[in-house]
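Chain by chain, the residues:
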Amino acid sequence: MDKLKQIDRWGALLCIVTFGLLYGCARTQAPALSVEPNLIDSEHLVQIGSEWEDVRSIPGDRRLAFGIESKVFLTNTKQKSRVEVCRVDSLNQCRNFIDLSEWMTSFQPNTLMVSDIKVDDQGRLIIAEKGTGKLLRISPDAKKMEVLADSYDGYRFSSIEDIEIGVNGDHYLSSPESGVIYRIDPELGQVGILNENVVSPGAICIRSGHNQLIVAEPDFYRVIVFDLRKEVSSVRFRSLIDFYPQQIKPQGLAFDSQGYLYVSLGDRKEIRVFDLLKAKEVSSINTEHFAGSLFSHENILYLGGGKKFQKIEIPELY
């Protein structure tokens, strides 16, 4: 952990490269679910093509966050300092919720950038602002903004990407460039590093019933898991799903209400569904476009990555 504290932006990149060279050794830990095509349960195979519905004519790389009273928040890819809000049933009628450029300044113009958004249990919007490296909290009426965290051990956040909110209210913030996942207690203002060893985090997702953080590592062809603790401290991870033999890069992660894990597979144009309790793959969804970010809400799965967001009703697998 002391070494991680000293990692700066360039040092982190070197560390990640070194970690990649030693990656074969890392696979000697607890065995992961090894994914092979013949593990698919054909009885529950889901083929999705032209029957998908367009959410709206928006770029597929936006971030979505679902709030109370059927609200949905969306990032804006053209005006990256903005977050919009609308209703789930009226996605073509969005209005501006907040523009960070009206609240914050940066040394260079047009550098404010919302990389991810979430909604906490009080309806407040949590924002990862990548341009200046800040974790922000916005009141439900967008009239108050708080900076929850912007540094660790004297170093400013860099390359912050994804946010997740744990069952106890802790916030998890990924930093791929630094090779870490930050763990923030927003009430006490404590900031720590979750991982003992360097990681290369992509999408992150909470498995709430088991108090686990699931992390996609596309550079290493796997999905890993952290068993979370109450205190803000580092923990070891273990491999959960291993795509290495096929060199598949997991992109997005989402859980449905049944507890199944959905993993999108990028340019393979596919989503695979896993029953983690039984440690097996139970379904597969074919997509028309790049299978990128995933969001689950009220039995609907939202998929980004193509020209538009797509949505599909989540099937009852069992």
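Quick notes on the rules
Numbering of residues begins from 1 in every chain and follows the order in which that chain's sequence is written. Local features in this predicted model are restricted to residues of pLDDT 70 or higher, and side-chain atom pairs are both shown and tallied only at a pLDDT of 80 or more, whereas totals for entire chains, interfaces and linings draw on every residue. The side-chain values count all of the structure's non-hydrogen atoms but skip hydrogen atoms and water molecules. The rule is short: rings of Phe, Tyr and Trp, with Trp giving its six-membered ring, pair when the centres are within 6.5 Å, and they are stacked under 30 degrees, edge-to-face over 60, tilted in between. Secondary structure follows DSSP: runs of H or I at least 4 residues long count as helices, runs of E at least 2 residues long count as strands, and numbering of each begins at the N terminus. Burial classes follow relative accessibility: with a 1.4 Å probe on protein chains only, a residue under 20% of its type's maximum area counts as buried, one over 50% as exposed, and anything between as partly exposed. In this description, strands pair whenever DSSP reports at least two bridges between them. Between N-to-C directions, angles cover 0 to 180 degrees, with each direction set by a line fitted to C-alpha atoms, over the stretch in contact for helices. Nitrogen and oxygen atoms within 3.5 Å of one another constitute a polar contact, given that in protein one can donate a hydrogen and the other can accept it, and given that sequence-neighbouring residues count only through two side-chain atoms. Pairs of residues are marked as contacts when any of their non-hydrogen atoms sit within 4.5 Å. When a carboxyl oxygen of Asp or Glu is within 4 Å of a side-chain nitrogen of Lys or Arg, the pair counts as a salt bridge.

Caption draft 1: Local environment of the packing of aromatic side chains. In this structure the tally under the stated criterion is eight aromatic pairs. Aromatic side chains Phe226 and Phe237 sit 5.7 Å apart centroid to centroid with 65° between the ring planes, which places their arrangement in the edge-to-face category. On the criterion of sequence distance, the pair formed by Phe226 in strand E20 (residues 222-227) and Phe237 in strand E21 (residues 237-242) is long-range, its members being 11 residues apart. Here Phe237 falls in the buried class, since its relative accessible area comes to 9%.

Caption draft 2: Region of the structure containing the sheet that holds strand E7 (residues 90-99). Strand order in this open sheet of four strands is E4-E5-E6-E7, and the pairing throughout is antiparallel. Edge positions in the sheet fall to strand E4 (64-66) and E7, since each has one partner strand and no second. Mean inter-strand twist for the sheet, computed between neighbouring axes without regard to direction, equals 30°. Note that strand E5 (residues 71-75) and strand E6 (residues 82-87) share five bridges and pair antiparallel. In the strand pairing of E6, Lys71 is matched with Arg87.

Caption draft 3: Region of interest: the side chain of Asp116. Mapped onto the secondary structure, Asp116 falls in strand E8 (residues 114-119). Within the structure, Asp116 has its side chain in polar contact with the side chain of Arg63 (distance 3.0 Å). Filtering out sequence-adjacent residues up to four positions away, Asp116 remains in contact with Arg63, Ile126, Ile127, Ala128, Glu161, Asp162 and Ile163.

Caption draft 4: The arrangement of the pattern of salt bridges in detail. A full pass over the atoms with the stated rule returns 18 salt bridges. Between Glu270 and Arg268 there is a salt bridge whose closest N-O contact spans 3.9 Å. Overall, Glu270 belongs to the buried group, its relative accessible area being 10%. Under the relative-accessibility criterion, Arg268 is labelled partly exposed at 39%.

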